[in-house]
Amino acid sequence: MAGAEDGPGQQPELEDDEAASCRRWGAQHAGARELAALYSPGKRFQEWCCVVLCFSLIAHNVVHLLLLARWEQTPLVMLGVVAGALLADFLSGLVHWGADTWGSVELPIVGKAFIRPFREHHIDPTAITRHDFIETNGDNCLLTLLPLLNMAYKFRTRSPEVLEQLYPWECFVFCLIIFSTFTNQIHKWSHTYFGLPRWVIFLQDWHIILPRKHHRIHHVSPHETYFCITTGWLNYPLERMGFWRRLEDIIQALTGEKPRADDMKWAQKIK
């Protein structure tokens, strides 16, 4: 009888717990709402400019690469493609680890522009699936503009003979650029469980790009592992080496800064 009497009295408390759980992460999280509101018209304009410039340069450079293609260089080109994908995966992990682990949204210029999306993503992981192509890829397009411009300059100024010698190297650089440019799009696909094109699912299933199940490991709090988000190929070996933990220990010893302190602060916001 005592249990029966306790039941109705506990109902409001259970409902409060459920409501609090729903607000713990996702679009209704207080920190997520505040971070989403920091996305500004100026930031949107920067992203539009970077996307247009980036894809214009990609189109220009791919035409020149196709015109210079020679069958006898195929083995070196294939090696360059794999090496470019590996390096892009490592760099995605390095940037992801750095932005997740260090810095603050309050930092001038880079805080709101570049660290903010990483803080929002941990407390609202599905926010990225609601971002359009421009918001998803704008920052990565900014990062690849300089190497794309440098490649375009070479195609305009170097002789055909020199370009033929440089061709395997330029294919490596171009593959690195392409994987880096689309890293956040690949990341978005790893959070998308409905409506993905079949070719994207095929690439994920064969682990050519970051698989959905693989990326879930990173989203177990406190988000301290599996940072590589392009292909994910390097996550396991880097984890076995303790690569990120060793870097964090060195930086903490030198600076006294605690890893993921700002990330935790935003996660704990309740108002």
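Up top is the structure these notes are about.
Remember, predicted model here, so these are calculated numbers, not experimental data. (Residues numbered from 1 in each chain as written. Predicted model: local features only at pLDDT ≥ 70, side-chain atom pairs only at ≥ 80, totals over all residues. Heavy atoms only, no water.)

Quick look at the nonpolar core
A general trend in soluble globular proteins is that nonpolar side chains are found buried together.
Right, so step 1: Among the nonpolar cores identified, the biggest contains 22 residues, and Cys54, Leu65, Leu148, Met151, Phe155 and Tyr167 are the most heavily contacted of them.
Right, so step 2: For this core, the secondary-structure elements that each account for two or more residues are α3 (41-68), α6 (133-157) and α7 (160-181).
Right, so step 3: Leucine 148 has contacts with Cys54, Leu57, Ile58, Asn61 and Ile177, leaving out every residue within four places of it along the chain. (Core = buried A, V, L, I, M, F, W, Y, C linked by side-chain atoms within 4.5 Å. Buried < 20%, exposed > 50% of the residue type's maximum accessible area, 1.4 Å probe, protein only. Helix = DSSP H or I, 4+ residues; strand = E, 2+ residues; numbered from the N terminus. Contact = heavy atoms within 4.5 Å.)

What to know about the layout of surface pockets
Right, so step 1: The calculated volume of the largest pocket comes to roughly 770 Å³.
Right, so step 2: Looking at the lining of the largest pocket, its residues break down into 16 nonpolar, 12 polar and 7 charged. (1 Å grid on protein atoms, 1.4 Å probe; cavity = no way out; pocket = protein on both sides within 12 Å on 5 of 7 lines; lining within 4 Å. Points joined across faces, edges and corners; volume = space filled by probe spheres on them. Nonpolar A, V, L, I, M, F, W, Y, C, P; charged D, E, K, R; others polar.)

Observations concerning the packing of aromatic side chains
Right, so step 1: Scanning all chains against the criterion turns up 11 aromatic pairs.
Right, so step 2: Centre to centre, the rings of phenylalanine 55 and phenylalanine 182 are 5.7 Å apart; their planes meet at 75 degrees, and the pair counts as edge-to-face. Remark: phenylalanine 182 occurs in the loop between α7 and α8 (183-190) and phenylalanine 55 occurs in helix α3; sequence separation between them is 127 residues.
Right, so step 3: Note on phenylalanine 55: relative accessible area 27%, which makes it partly exposed.
Right, so step 4: Judged by relative accessible area, phenylalanine 182 falls into the partly exposed class, the value being 25%.
Right, so step 5: Each member of the aromatic cluster is reached from another via a ring pair, and the members are Phe90, Trp97, Trp102, Phe227, Phe243 and Trp244.
Right, so step 6: In this structure, lysine 43 packs its charged tip against the face of phenylalanine 114, placed 4.4 Å from the ring centre. (Phe/Tyr/Trp six-rings, centres within 6.5 Å; stacked < 30°, edge-to-face > 60°. Lys NZ or Arg CZ within 6 Å of the ring centre and 35° of its normal.)

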